[in-house]
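# Close look at the chain arrangement
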Amino acid sequence: MATHFYTAASLDGFIATADHLLDWLFAQDFDMAGPMAYPAFIERISALVMGASTYAWLLRHQDAWEYSQPAWVFTHRKFSVPEGADVRFVQGSPSEHIDLINASAEGKDVWVMGGGDLASQFARDGLLDELWIQIAPVTLGSGQPLFTRALQLDLLEVARTRDFVCTRYRVPR
Ligand SMILES: NC(=O)c1ccc[n+]([C@@H]2O[C@H](COP(=O)([O-])OP(=O)(O)OC[C@H]3O[C@@H](n4cnc5c(N)ncnc54)[C@H](OP(=O)(O)O)[C@@H]3O)[C@@H](O)[C@H]2O)c1
């Protein structure tokens, strides 16, 4: 099993605007059958991890919860849980929770959805295996960061799909 940070980002390294907007991303043309595309990626995922802002975004923008996997939300806030969702709220360092997160994935892979600082906390704790970054042809100038930690990565794969550059990196342990 492996833990992946799979996300789209602007060319200048942001995953959302400062106001947590993703309009710039959804304005792009996606190829769901292209290299490193979401449908094949999500097939391998058995647990989700996200921070409070990402969970709040999903609550605001999804009509119905679309994930069957357990979702681990790192937060200090109180949130509602959509009907049918398996959401588990935690706080503290990823290393404190990784055994339960991995157990909930039952031997399959874990997706750190975001944000970039939470993914960086997983990397800091030696718990992140791969980064999958789909780079949109957009600069935002400012916003929520893709990553907040200095890392040396191994490039595993590069491809183009429509106007995105798709990249996959290994995080050396
Ligand atoms: N481009 C994409 O494909 C993509 C993918 C995913 C997400 N996004 C978007 O990117 C934005 C990410 O927002 P963000 O940068 O603010 O990151 P985030 O990880 O979604 O939320 C950050 C918040 O999570 C909580 N948190 C983080 N680590 C924690 C820990 N160890 N323990 C307890 N709580 C912790 C803290 O909030 P509290 O202390 O207040 O609880 C923190 O302020 C969102 O708007 C999301 O929708 C974009």
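Quick look at the structure, then. Fair warning: this is a prediction, and the values are worked out from it, not measured in the lab.

### Focus: the site of the ligand
Not every one of the 24 residues close to the ligand is listed here, only the nearest: H20, T54, T75, H76 and R77. Note that a nitrogen atom of the ligand is positioned 2.9 Å from one of the backbone N or O atoms of I15. Taking T75, its side chain carries an N or O atom lying 2.6 Å from an oxygen atom of the ligand. Compared with its free state, where it exposes 920 Å², the ligand has 82% of that area covered by protein. Looking at the shell around the ligand, the element that brings in the most residues is helix α3 (residues 52–61), giving four residues. Partitioning the shell around the ligand into residue classes produces ten nonpolar, 13 polar and one charged.

### What about the pairing of strand β3 (residues 45–51)?
Each regular strand shows side chains that alternate between the opposite faces of the sheet. Along β3, seven of the seven residues are buried, which leaves the element largely enclosed by surrounding structure. Relative to strand β6 (residues 109–114), β3 runs parallel, the two sharing five bridges. When the sheet's bridge partners are listed, I45 is paired in β6 with D109. In this fold, β3 hands off to α3, which returns the chain to strand β4 (residues 71–74); that crossover is right-handed.

Reading guide: rules and limits
Residues numbered from 1 in each chain as written. Predicted model: local features only at pLDDT ≥ 70, side-chain atom pairs only at ≥ 80, totals over all residues. Heavy atoms only, no water. Near = heavy atom within 4 Å. Polar contact = N/O pair within 3.5 Å; in protein donor to acceptor, adjacent residues only side chain to side chain. Areas by Shrake-Rupley, 256 points an atom, 1.4 Å probe, with all protein chains shown as cover. Helix = DSSP H or I, 4+ residues; strand = E, 2+ residues; numbered from the N terminus. Nonpolar A, V, L, I, M, F, W, Y, C, P; charged D, E, K, R; others polar. Buried < 20%, exposed > 50% of the residue type's maximum accessible area, 1.4 Å probe, protein only. Pairing = 2+ DSSP bridges. Right-handed = clockwise from strand over helix to strand, strands pointing away.

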